[in-house]
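Working through the structure, step by step
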Amino acid sequence: MTTGQVDATPANAAAPAPAAARRRITVRGVVQGVGFRPFVHTLATGLGLVGHVTNTGEGVVTEVEGAPEALARFGERIGREAPPLAVVEAVDGEDIAPVGDAGFHIRPSRSHGPSRTLVSPDAATCDACLAELTDPADRRYRHPFLTCTHCGPRFTIVNGVPYDRALTTMDRFPMCRRCAAEYADPADRRFHAQPIACHDCGPRLRLLLADPADRTGPQRPAEDTDPIAGTRRLLADGAIVAVKGLGGYHLVCDAAADAAVTLLRRRKARGDKPFALMARHIADIEHLVRVTAEERALLTGPQRPIVLLRRIPGPPPGSDAPVLSGAVAPGSPDLGVMLPYTPLHHLLLGLPGDPPGPRLLVMTSGNLAGEPIVTDDEEALRRLARLADAWLIHDRAIRIPCDDSVVRISDGEPLFVRRSRGHAPFPVPLPVPVRPALAAGGDLKNVLCLAEGRRAWLSAHIGDMDDFATQLAFEEAEAHLETVTGVRPQLLAADRHPGYRSGQWAQRHTAGRPLVRVQHHHAHIAAAMAEHGLDGSRPVIGVAFDGTGYGDDHAVWGGEVLLADYDGYRRFGQLAYVPLPGGDTTVRRPYRMALSHLRAAGLDWAEDLPPVAACPPEERRLLARQLERDLNCVPTSSMGRLFDAVSSLAGICHRAGYEAQAAVELEAAALTADEDDGGYPFDLRAAPPGPRGPAAADTVADPAPLLAAVVADVRAGTDPALIAARFHTAVAGLVRRCCGQARERTGLETVALTGGVFANSLLAEATAALLRRDGFTVLRHRRVPPNDGGLALGQIVVAARTTPLYGGVGLP
């Protein structure tokens, strides 16, 4: 204050209010389709802030204006208090000039520019919606499609981003007056819920019946006015119904009806492959399976996968617990169980007061064996005509197929067998940056992958690429994933197998882009490393056990110990080669693999051995000649084929009606063994001296002494269950010995267990326990499956290290 000035401010006057400030905040992650904008609206207005929020290709962008203290609290809470289905990856803010908004508004989405936001997976019906479904006083009572911002379809209905109703398959259903009012009300749970629906505005169900005299002819509408009630009566009467779900059609029947389950198995050409079950409550299956706390959490969570649960003896006589047909999962140690995840499922299983109906439903993919799941209504009426007696369909289109995920708990953690609905397309974080890339995966259990920066988006499960329809589904899945991720691949990756259809597709679609071929087992190991966040600066001991993988020497690999990082690998150990006579024929007939292993081990084909007796005499003579002359006998080191051989030797499984059946039944037998008094021996020896090619291993594991011991046990009348248990112990012990030798020579102490054989939880848990006891760090798959469903993730990170991150030309 200068001299002569007078301070006219009263001593007790309040300090002037701080000037309004304004911030622009961008939230990235799974923030569209999860009620994030309504949440922001409620948060901002509750703090007395003005401004607006909108969806963009980058995520959710909010501009808020008001007191600096309120802005600070808004910035703290926007990530911490996000809606249940949201996954916030980043919150970025910047100060901008105030503009003096009046109120807070949700603005229309902005779709220009590349997409970098994440689309939410589909989510199971939330408790609030379920309460409305069962409340006779609620206007959505018994509505098969009720949903809100916390649940319902997302990925399977999205045509593009930003996520708005106009870019989903709900765009054909104009909102009725009451739905529109809820959609516009910030206080309502359905405020800006894009799939909002009710009885008045749709979607709607129809029940169609097949003509018993001509199953391929036109279908007729059912006379029932209530399609749900009609479907429940059909199921109770033993019918097979094709039911349109979130990501495709299911084939559904009463799981207690032997005739219905057996008929479905025959119509679908399913062999003995287990069917999945849907139960209304966990209490309905507790007499059939063991359910741990971790498994209960999986069953009841928002993803609602099929959970593989260990079987226990059935209920005592006279129990009122639901019975289960023996044809549901013959020979399997597990039952695959899921709980209802849509309102339609809850209605099919019955609400309180409904007439009695099936309490357990078989719920299997709507397709023939080897084909992709059906999503289109007209296609369902045609392709499922010989499988279903009726169709429960609706008029909401499915944008992209999405099979049910399959998960088990192993070592107390989830282990994916199939990663699909509820998880796709949520990305896997990458430990290394990658240029925009596409990995085509493998030919079995195909899943493709798009990646850019430090994110990898895996598609839903696509299936086996033998079928032309699956190849078309692959193309559609790739195009859709590009749309929802905004990734435009500059680099392609595929398996080295020259006959893989996935690799051939990649070759045809290079369009001048580099294509990197990645060895099968290297990709498996790289996937395990990537999901555990390893940057590749130090190799791991990778144990890759599976059925088939194309080797560097053109043999069929599958029993490999590789010293690997993202840049390359060295073959440290392998299972000894034996001939694989006839390729796929031998895979389907495990007795042939047993005979090949016996011959390689110098053991006679004596008539008292189960695989010898199982092989018809004429086939046996032809097989002996084939092996003698080495005709169509590619060498294999496959651990999966050794499981087949031992399964047949023990008399457990001689013919496989589905992939890995012999191994599954061998594991089931091992679980019933009273004791395991030690494993069989492998001969672990150094490779012979001489020229060392790129495929040469340092160490070879010869199963000949193991096979001799199994033969001796068979002839001694040893219980097949004990033989199975001893074999599992032997394989776990072999891994322990190989990894111990690798550590002695290299100093490496991290082991990755990968490949489809390690979906066998008995083997995987025993192996991991032995390795941990020896001081190893053990990497097991938790984010992607150990089988070929995780292959594309490994291909991505290997290809990224093979080519420059920005620009340049990659290796052919």
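Structure: above.
The present account deals with the structure reproduced in this document. Predicted model only: the values in this text are computed from it and were never measured.

Quick look at helix α16 (residues 617–629)
- A rise of 1.5 Å per residue sets the reference length of α16, with its 13 residues, at 18 Å; its end C-alpha atoms lie 19 Å apart and thus fit the reference within 8%.
- Regarding α16, the residues found buried are Glu619, Arg620, Leu623, Ala624, Gln626 and Leu627. The arc that holds the buried residues of α16, viewed along the axis, is 165°, so those residues lie on one side. Those residues of α16 that are exposed and aimed more than 90 degrees away from the buried face are Glu628 and Arg629.
- The secondary structure elements touched by the buried residues of α16 are β25 (578–581), α14 (590–600), α15 (610–614) and β26 (633–636).

A word on a negative patch on the surface
- Together, Asp674, Glu675, Asp676 and Asp719 line one region of the surface with negative charge.
- Within the fold, Asp719 resides in the loop between α19 (704–715) and α20 (720–746).
- Residue classification places Asp719 among the partly exposed residues on the basis of a relative accessible area of 46%.

A word on the environment of Pro333
- Examined against the element boundaries, Pro333 turns out to sit in the loop between β12 (306–310) and β13 (334–338).
- Classification of Pro333 as buried rests on a relative accessible area of 9%.
- On a C-alpha basis, the gap between Pro333 and Leu666 in space is 9.4 Å, while along the polypeptide they are 333 residues apart.
- Not counting residues up to four positions away in its chain, the partners in contact with Pro333 are Leu309, Arg310, Arg311, Val664, Glu667, Ala668 and Leu671.

A short note on the sheet that holds strand β19 (residues 449–458)
- Taken in spatial order, the 4 strands line up as β19-β18-β20-β21 in an open sheet, and their pairing is mixed. Strand pairing shows two members of the sheet lacking a second neighbour, β19 and β21 (515–518), which therefore form its edges. Taking each pair of neighbouring strands and ignoring which way they run, the sheet shows an average axis angle of 60°.
- One ladder, built from 6 bridges, connects strand β18 (residues 428–439) with β19; its direction is antiparallel.

Overview of helix α17 (residues 639–649)
- By the criterion of burial, α17 is predominantly enclosed, with 11 of the 11 residues buried.
- For α17, every residue scored as buried is listed here: Met639, Gly640, Arg641, Leu642, Phe643, Asp644, Ala645, Val646, Ser647, Ser648 and Leu649.
- For α17, the capping residue at the N-terminal end is Ser638, with a side-chain oxygen 3.2 Å from the backbone nitrogen of Gly640.
- Note on α17: the residue one or two positions beyond its end, Gly651, has a positive phi of about 80°.

Describing unusual backbone geometry
- In the segment running from Gly202 into Pro203, the intervening peptide bond is cis, with an omega of -5°.
- Take Pro203: it is sitting in the loop between α4 (177–184) and β7 (205–209).
- With an omega of 10°, the peptide bond running from Ala424 to Pro425 counts as cis.
- A positive phi angle, near 55°, is found at Ala269, a position not held by glycine.
- Secondary-structure assignment places Ala269 in the loop between α6 (258–267) and β11 (276–279).
- If you check the backbone angles, His554 has positive phi at about 70° while not being a glycine.
- Here His554 shows up in the loop between β22 (540–550) and β23 (556–564).

Some points on the side chain of Arg620
- In this structure, Arg620 sits in helix α16.
- You can call Arg620 buried: its relative accessible area is 14%.
- Only 3.3 Å separates the side chain of Arg620 from the backbone oxygen of Cys615, close enough to count as a polar contact.
- Leave out the neighbours within four places in its chain, and Arg620 touches Leu595, Trp605, Glu607, Val612 and Cys615.

Quick notes on the state of the cysteines
- Summed over all chains, the structure comprises 0 disulfides.
- We note that Cys176 lacks a disulfide partner, and the nearest cysteine sulfur, in Cys198, lies 3.5 Å from it.
- A relative accessible area of 15% means that Cys176 is categorised as buried.
- The structure places no disulfide on Cys633, whose sulfur is separated from the nearest cysteine sulfur, that of Cys615, by 13 Å.
- Under the relative-accessibility criterion, Cys633 is labelled buried at 9%.

Points about the pattern of salt bridges
- What the rule picks out here adds up to 49 salt bridges.
- Between Arg24 and Glu94 there is a salt bridge, with its nearest N and O atoms 3.1 Å apart. Here Arg24, found in strand β1 (residues 21–32), pairs with Glu94, found in strand β4 (residues 87–96); they are 70 residues apart in sequence, far enough to count as distant.
- Classification of Arg24 as partly exposed rests on a relative accessible area of 27%.
- Exposure remark for Glu94: the relative accessible area of 40% places this residue in the partly exposed category.
- Arg408 serves as the salt-bridge partner of Asp334, at 2.6 Å between the closest nitrogen and oxygen. Pair noted here: Asp334 is in strand β13 and Arg408 is in strand β16 (residues 406–410), with a separation of 74 residues, a long-range link. The same class applies to Asp334 as to Arg408, namely buried.

Criteria and thresholds
- Residues numbered from 1 in each chain as written.
- Predicted model: local features only at pLDDT ≥ 70, side-chain atom pairs only at ≥ 80, totals over all residues.
- Heavy atoms only, no water.
- Helix = DSSP H or I, 4+ residues; strand = E, 2+ residues; numbered from the N terminus.
- Expected span 1.5 Å × (residues − 1).
- Buried < 20%, exposed > 50% of the residue type's maximum accessible area, 1.4 Å probe, protein only.
- Arc of directions from axis to C-beta.
- Contact = heavy atoms within 4.5 Å.
- Patch = residues over 30% accessible without salt bridge, like charges linked within 9 Å, V, L, I, M, F, W, Y side chains within 5 Å.
- Areas by Shrake-Rupley, 256 points an atom, 1.4 Å probe, with all protein chains shown as cover.
- Salt bridge = Lys/Arg side-chain N within 4 Å of Asp/Glu carboxyl O.
- Lys, Arg positive; Asp, Glu negative; His and termini not counted.
- Charge placed at Lys NZ, Arg CZ, Asp CG, Glu CD.
- Pairing = 2+ DSSP bridges.
- Axes fitted to C-alpha atoms, helices over the stretch in contact; angles between N-to-C directions.
- Polar contact = N/O pair within 3.5 Å; in protein donor to acceptor, adjacent residues only side chain to side chain.
- Disulfide = S-S within 2.5 Å.

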